[in-house]
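The primary structure of each chain is shown beneath.
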Amino acid sequence: MIVVTGGAGFIGSEFVRQWLATESSELVNIDKLTYSGNLENLASVSGNSRHHFVQADIVEQSVIEQLLHERQPRAIVHFAAESHVDRSIHAPADFIQTNICGTFRLLEAVRAWRGTASREFRFVHISTDEVFGSLPLKAAQISEAAAYAPGNPYAASKAAADHLVRAYIRTYDLPAVIVHCCNNYGPFQFPEKLIPLMIARGLAGESMPIYGDGLHERDWLHVSDAARAIGLVLARGRIGESYNIAAGHACSNLQMVCMLCDLLDELRPQSPYRPHRQLITHVAERPGHDRRYALNADKIAQELGWRPQISLREGLRQTVEWYLGNQAWLENVVSGRYRQWIADNYGWRNIRS
Ligand code: NAD
Ligand code: TYD
């Protein structure tokens, strides 16, 4: 039995689906179901008797502690977080509450319960490349040993959570492993992040807002490769270590959006919005916008034999096809109020509410 937090979100739900498909043990999925938590993401496992969903907030230490006593998991994989940079600029309080206080409460629940935990217990903490801050264009990729330099409230809240996990490893012998993930993409991603947002807006014939000059670089990893890497870290990662998970598929935001436009042109040949590149619009710069993230993933390759299996070309095509085939899912998750803040702050007009 393992516990997953945040398993109704984008990466967490992929991890849950993979786990249930490849492992034989039970999984307790603890999720608060915030705006980005969605049980529709778990529809394909809804009849699986090994999946136990519990709606709970990780900040509620006593609830989590009781769950740990009852279930006696052999591992916790901690995905639950507020995850979007723009929202953290708009309203940082939830990020402090969930990412820092929530992680702290979860760690305290584990500490209180661990007297009875099995010796094999593992805590896998899901972190991000953003804790290392922005890298100069063309600088070498960074390793797990790079210094932390978070540049926005989301990144700072994740860095604080990492520091707590590191402190618990050292002070209380918490058998934890940290993973730093680059940008993920794929099915079920909430359409606030670049790729699903641009697909959704392209489908609707709406402008595609690129912050600033669009030359910012991100490394894009398909969520299925990311979840597989996390599974390997859970199984064989060394306690106290951190592992970078990255694709080596770096491109600028502008290049990414052009690729998406070209895929939409090809997959929607009757669309009145072709060529979709005409929808690209440069809008105001994101405050504190990190220029580049670039992780070196040699350690996980050498120690655990992980390498991405899905090329960016293949993954993007599959992702656009998924959104084309799941427009009801897309409609169900779009929120108007937050998008208005984006419009007001990035000079982005022509939004739907
Ligand atoms: P997401 O926003 O899609 O999902 C987050 C999930 O956590 C949701 O199901 C939400 O309901 C749940 N949650 C939020 N607050 C909670 C709370 N207080 N208690 C319990 N559940 C709560 O996020 P994601 O993109 O799947 O990211 C998952 C993890 O991976 C996060 O820790 C994020 O920081 C990290 N990460 C994401 C990316 C990426 O590209 N998406 C990259 C690197 C790291
Ligand atoms: P995002 O998906 O929000 O992920 P992150 O900020 O965690 O990297 O954004 C990816 C990149 O795309 C980032 O450089 C910001 C940029 N971006 C835009 O240019 N326009 C948008 O509408 C969004 C959401 C992001």
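Here's a quick rundown of the structure. Once a new chain begins, its residue numbering starts again from 1 and follows that chain's sequence as written. Key to labels: chains lettered from A, ligands numbered from 1, both in the order written. Only residues with pLDDT of 70 or above have their local features reported here, since the model is predicted, and side-chain atom pairs are shown and tallied only from 80 upward, although totals for entire chains, interfaces and linings are computed over all residues. As a rule here, side-chain values come from all non-hydrogen atoms in the structure, and water together with hydrogens is ignored.

Section: the sheet that holds strand β9 (residues 217-222)
Now for step 1: Two strands are said to pair when DSSP picks up at least two bridges between them. Helix and strand definitions here come from DSSP, where helices need a minimum of 4 consecutive H or I residues and strands a minimum of 2 consecutive E residues; each element is numbered from the N-terminal end. Across the sheet, three strands lie side by side as β7-β9-β11; this open sheet has mixed pairing. Whereas interior strands pair on both sides, the edge strands pair on one side only; in this sheet they are β7 (183-185) and β11 (250-252). Taken over all neighbouring pairs, the strand axes of this sheet differ in orientation by 50° on average, direction set aside.
Now for step 2: The pairing of β9 with β11 spans three bridges and is classified as antiparallel. Within the sheet, the bridge partner assigned to R218 lies in β11 and is C251.
Now for step 3: Contacts are residue-level and defined by heavy atoms, with any inter-residue pair within 4.5 Å sufficient. Every angle, taken between N-to-C directions, lies between 0 and 180 degrees, and every axis is a line fitted to C-alpha atoms, over only the stretch in contact when it is a helix. Contacting β9 and β11, helix α8 (residues 253-267) runs over the sheet at an angle of about 90° to β11.

Here's the deal with the site of ligand 1
Now for step 1: We call a residue near a molecule or strand when any one of its heavy atoms sits within 4 Å of it. Taken together, the neighbourhood of ligand 1 is formed by 28 residues, with I11, D31, S83, Y154 and K158 sitting nearest.
Now for step 2: Separating an oxygen atom of ligand 1 from a backbone N or O atom of G9 is a distance of 3.0 Å.
Now for step 3: Contact distances for ligand 1 include 3.0 Å between a nitrogen atom and a backbone N or O atom of K32.
Now for step 4: Only the protein chains shown count as cover for residues, with accessible areas throughout obtained via the Shrake-Rupley method and a probe of 1.4 Å. Relative to its free-state accessible area of 840 Å², ligand 1 is covered by the protein chains to the extent of 97%.
Now for step 5: Of all the secondary structure elements, the ones that give two or more residues to the shell around ligand 1 are α1 (10-22), β5 (122-128), α5 (153-172) and β7. What qualifies as a polar contact is a pair of N or O atoms within 3.5 Å, subject to a donor-acceptor requirement within protein and to the restriction that residues adjacent in sequence count only when both atoms come from side chains.

Remarks on the sheet that holds strand β10 (residues 242-245)
Now for step 1: Reading across the sheet, the seven strands line up as β3-β2-β1-β4-β5-β6-β10 and stay open at both edges, with parallel pairing between neighbours. Edge positions in the sheet fall to β3 (51-55) and β10, since each of these pairs with one other strand and no more. For this sheet, the mean inter-axis angle between neighbouring strands, taken without regard to orientation, is 20°.
Now for step 2: Contacting β1 (2-5), β2 (27-31), β3 and β4 (75-78), helix α2 (residues 61-71) crosses the sheet at an angle of about 175° to β2.

Quick word on the pairing of strand β6 (residues 176-181)
Now for step 1: In this scheme, a residue with accessible area under 20% of its type's maximum is buried, one over 50% is exposed, and one in between is partly exposed, where area comes from a 1.4 Å probe on protein chains only. Counting buried residues in β6 gives six out of six residues, a clear majority hidden from the surface.
Now for step 2: Each parallel crossover has a hand, and the one from β5 via α5 to β6 is right-handed. Clockwise travel from the first strand over the helix to the second, with the strands pointing away from the viewer, marks a crossover as right-handed.

Let's talk about the pattern of salt bridges
Now for step 1: One side-chain nitrogen of Lys or Arg within 4 Å of one carboxyl oxygen of Asp or Glu is enough to make a salt bridge. Following the criterion strictly, the structure yields 15 salt bridges and no others.
Now for step 2: The closest approach of N and O atoms between E192 and K193, which form a salt bridge, is 3.6 Å. There is no split in this pair, since E192 and K193 are both buried.
Now for step 3: Where R277 meets D262, a salt bridge forms, and the shortest distance between an N and an O atom there is 2.7 Å. Of this pair, R277 sits in the loop between α8 and β12 (280-283) while D262 sits in helix α8, placing them 15 residues apart in sequence.
Now for step 4: Judged by its relative accessible area of 43%, R277 is partly exposed.
Now for step 5: For D262, a relative accessible area of 34% puts it in the partly exposed group.
Now for step 6: A network of salt bridges, in which partner residues are shared, links R238, E241, K299 and E303.

No statement about biological role is implied by the geometric values presented.
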